Amino acid sequence: MGFSCGIVGLPNVGKSTLFNALTATAVAEAANYPFCTIEPNVGRVAVPDERLEIAGRLAKSARIVPTHLEFVDIAGLVRGASRGEGLGNQFLGHVREVDAIAHVLRCFPGDNVVHVEGSVDAIRDAETVEMELMLADLESLERRVLLMTKRARGGDREARRQLDTIETVLAALREGKPARDVVVTPERRSELGSLQLLSAKPVLYIANVDEASAASGNAESARVADYAARRGARTVVISAAIEAELAQLADAGEKREFLAALGLAEPGLPRVIRAGYALLDLITFFTAGPKEAHAWTVERGTRAPPAAGRIHTDFEKGFIRAETISFADFAAHGGEQGAKEAGRMRLEGADYVVQDGDIMHFRFNV
């Protein structure tokens, strides 16, 4: 089970520069012209988590294995993509395949980088992309309505239920609301998910600013933050140009000096990764022993057996129980043995919902 974030936006807003920095590679060409990224580049990045390092140190682990998040660099969208303009069909198809959207918005001036719309306006750009996703969804659902209506008239109850859901979403789209804003009953959530709607995907807005604004943002990034807040979305301010420079520095000391000179406490990329991880509503649990300390990703609300299955399918099939210690207890008592002696290890059964930071050892029998 992989989790992926698609990096989207208009051409020349810094998507590929950000992707290159995220993956610390040059697999995505960053050039000053539209559509330099045609096929989506994919990069897996480690999710920074100091808890893993602490767990590994206390468990005297021989190696540390972080959890990862996948980022997909997708070709730039232009107005009219839902009608096939630019690389519209490829763009929309690639967006459909990711779990969430990291929407890069240009918040920096400069005539040396051409803007496809002729001027810098991050909110206009955000609305352009959102509108194209909604128009694509609208077209897709209107085609489905014809098919579902025919089946429903023939007495197909499942088609009737799906038609009700589709009509609810269509009404929202026609009012200019994305599918993610549609409220449905818990029973209808799976139906809504099965529609694979582009505008239903959660969005992280990345305000790409100039170097001088990297520490505190600027007026344009503040507009983005307000825009995102009104939509219940997350925002990260970053300078892709700075991150690209940092990615070229191998020495940790040089990186710290570079950041300090810019007034930055940490690079922006860890914040992007953490925000993407949170956007997908993911949590981390750990396994820690002499061989390795390993971080594992599951969706919030996952029960113990499926979490065990992330390690190996046999763990889920033959699940008996999970020896569980919270990270706070693991750290406070100097590791597993200390936590056991303090009575802080719990035996959890199949109904246990895994919590972020749990350190677990699964008992199973196949």
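Residues numbered from 1 in each chain as written. Predicted model: local features only at pLDDT ≥ 70, side-chain atom pairs only at ≥ 80, totals over all residues. Heavy atoms only, no water.

**Focus on the packing of aromatic side chains**
- On inspection of all chains with the given rule, the structure shows four aromatic pairs.
- Both rings, one in Phe285 and one in Phe362, keep their centres 6.0 Å apart while their planes meet at 90°; by these two values the pair is edge-to-face. Taken as a pair, Phe285 in strand β8 (residues 282-288) and Phe362 in strand β12 (residues 359-364) lie far apart in primary sequence, 77 residues in all. Considered together, Phe285 and Phe362 belong to a single accessibility category, that of buried residues.
- Ring pairs connect the aromatic residues Phe285, Phe319 and Phe362, which therefore count as one cluster.
- Over the ring of Tyr227 we find Arg231, and its NZ or CZ is 3.6 Å from the ring centre. (Phe/Tyr/Trp six-rings, centres within 6.5 Å; stacked < 30°, edge-to-face > 60°. Helix = DSSP H or I, 4+ residues; strand = E, 2+ residues; numbered from the N terminus. Buried < 20%, exposed > 50% of the residue type's maximum accessible area, 1.4 Å probe, protein only. Lys NZ or Arg CZ within 6 Å of the ring centre and 35° of its normal.)

**A look at unusual backbone geometry**
- At Lys60, a position not held by glycine, the phi torsion is positive, near 55°.
- Relative to the assigned elements, Lys60 resides in the loop between α2 (50-58) and β3 (63-65).

**Some remarks on the confidence of the model for the protein chain**
- Mean pLDDT over the protein chain works out to 85, with 88% of the residues at or above the 70 mark.
- Mean pLDDT values for the elements of the protein chain range from 70 in helix α3 (residues 88-97) up to 98 in helix α13 (residues 327-332).
- Under a pLDDT of 50 for its full length, residues 25-38 has, in the predicted model, 38 contacts with residues more than four places off or in other chains. (pLDDT = per-residue confidence, 0-100. Contact = heavy atoms within 4.5 Å.)

**Brief notes about the packing of helix α4 (residues 122-153) against helix α5 (residues 157-174)**
- Across the interface, α4 lies against α5 with an axial gap of 9 Å and an inter-helix angle of 150°. Comparing the axis directions of α4 and α5 gives the class roughly antiparallel. By crossing handedness, the relation of α4 to α5 is classed as left-handed. Seen from α4, the contacting residues are Met134, Asp137, Leu138, Leu141, Glu142, Arg144, Val145, Met148, Thr149, Arg151 and Ala152; seen from α5, they are Ala159, Arg160, Gln162, Leu163, Ile166, Val169, Leu170, Leu173 and Arg174.
- When the residues that make up the contact of α4 with α5 are grouped by side-chain class, the tally is 12 nonpolar, two polar and six charged. (Axes fitted to C-alpha atoms, helices over the stretch in contact; angles between N-to-C directions. Parallel < 35°, antiparallel > 145°, perpendicular 65-115°, else oblique. Left-handed = near helix turned anticlockwise from the far one by under 90°. Nonpolar A, V, L, I, M, F, W, Y, C, P; charged D, E, K, R; others polar.)

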